[in-house]
Amino acid sequence: MGIFGDSTWMFRRVLIDLNNRITRARSVRVAPGHLLLLAPRCLQHTGCDHNLGPEMLHCQACGRCNIGELVALGRELGIICRMAAGGREALAFVKDERVRAVVAVACEKELFEGICASLPKPVLGVYNQQNNGPCRDTSVDMAAVRRAITAMLEN
Ligand code: SF4
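A quick note: this is a predicted structure, and the numbers were derived from the prediction, not measured.

Q: Before we go on, may I ask you to explain the layout of surface pockets in this structure?
A: In this approach the atoms are scanned with a rolling probe the size of a water molecule, which exposes any empty space left behind. If you add up the space inside the largest pocket, you get close to 470 Å³. Considering the residues around the largest pocket, the lining is formed by 28 residues, among which Gly86, Gly87, Ala90, Ala106 and Glu110 are closest to the centre. Of all the secondary-structure elements, those providing two or more residues to the lining of the largest pocket are strand E1 (35–40), helix H3 (87–95), strand E3 (101–106) and helix H4 (108–118). Ranked by residue count, the leading element in the lining of the largest pocket is H4, at 7 residues. Its residues placed into classes, the lining of the largest pocket shows 19 nonpolar, 6 polar and 3 charged.

Structure representation (structure tokens):
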């Protein structure tokens, strides 16, 4: 990665982290039915041939990727879960009038663009891990996802 690419990555990361700190400081609290957990399609294992659908209902929770755990967490907490194929679809889910707060899992680029496009709705961003290169077999720290969700859920 060249120096300009590196600085863009750093710039986005600083702003996302700042957004997360401000969002947490606002103490946004919503009912589960108003909280959207947004996952990127690149979390789905490339060897999985299930057509999950936007609500990920056809996931068989086989354990090869984090999708099964995300769906289970969503069910446990009663929140809205959606998987988006790209930024435009993600924004359509965010614009749903039921949604008052968002926890989004994505890379720096998608999070940065998504947070800006979602304003004024509060978004907590959780970075996915790209251990297999960009946009392929990514993973996410499930403890970090749970912390972000519970930070915005009503007690
Ligand atoms: S956990 Fe779900 S999405 Fe992931 S590979 Fe298994 S069936 Fe496919």
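Q: Got a minute to help me understand the site of the ligand in this structure?
A: Neighbouring the ligand are 14 residues, the closest being Cys48, Cys59, Gln60, Cys62 and Cys65. A breakdown of the residues in the shell around the ligand according to their chemical character gives 7 nonpolar, 6 polar and 1 charged.

Q: Can you help me understand the nonpolar core in this one?
A: Soluble globular proteins tend to bury their nonpolar side chains together. Ranked by size, the top nonpolar core spans 30 residues in total, and within it Leu37, Val103, Val145 and Ile149 carry the most contacts. Mapped onto this core, the elements with two or more residues apiece are E1, helix H2 (67–77), strand E2 (80–84), E3, strand E4 (123–127) and helix H5 (142–152). At 6 residues, H5 tops the list of elements feeding residues into this core. By size, the runner-up hydrophobic cluster in this structure holds 16 residues, among which are Ile16, Leu36, Leu111 and Val123.

Q: Sorry if this is basic, but what is going on with the sheet that holds E3 here?
A: Two pairing modes exist for strands in a sheet, parallel and antiparallel, and in both the strands are linked by backbone hydrogen bonds. An order of E2-E1-E3-E4 is seen for the 4 strands of this open sheet, with the pairing classed as parallel. Lying at the two open borders of the sheet, with one neighbouring strand each, are E2 and E4. Each adjacent strand pair in this sheet contributes to an overall mean axis angle of 20 degrees, direction not counted.

Q: What's the story with the side chain of serine 118 in this structure? I'm lost.
A: Looking at where serine 118 falls in the secondary structure, it is placed in helix H4. A relative accessible area of 6% places serine 118 in the buried class. When residues no more than four places from it in sequence are discounted, the contact partners of serine 118 are Leu91, Val94 and Val123.

Q: When you look at the pairing of E2 in this model, what are you seeing that I'm missing?
A: A regular strand carries its side chains on alternate faces of the sheet. Burial within E2 is extensive, with 5 of its 5 residues counted as buried. Across the two faces of E2 the burial is the same, with Ile80, Arg82 and Ala84 and Cys81 and Met83 all buried.

The rules behind these values
Residues numbered from 1 in each chain as written. Predicted model: local features only at pLDDT ≥ 70, side-chain atom pairs only at ≥ 80, totals over all residues. Heavy atoms only, no water. 1 Å grid on protein atoms, 1.4 Å probe; cavity = no way out; pocket = protein on both sides within 12 Å on 5 of 7 lines; lining within 4 Å. Points joined across faces, edges and corners; volume = space filled by probe spheres on them. Helix = DSSP H or I, 4+ residues; strand = E, 2+ residues; numbered from the N terminus. Nonpolar A, V, L, I, M, F, W, Y, C, P; charged D, E, K, R; others polar. Near = heavy atom within 4 Å. Core = buried A, V, L, I, M, F, W, Y, C linked by side-chain atoms within 4.5 Å. Buried < 20%, exposed > 50% of the residue type's maximum accessible area, 1.4 Å probe, protein only. Pairing = 2+ DSSP bridges. Axes fitted to C-alpha atoms, helices over the stretch in contact; angles between N-to-C directions. Contact = heavy atoms within 4.5 Å.

Worth remembering: the numbers are spatial, not functional.
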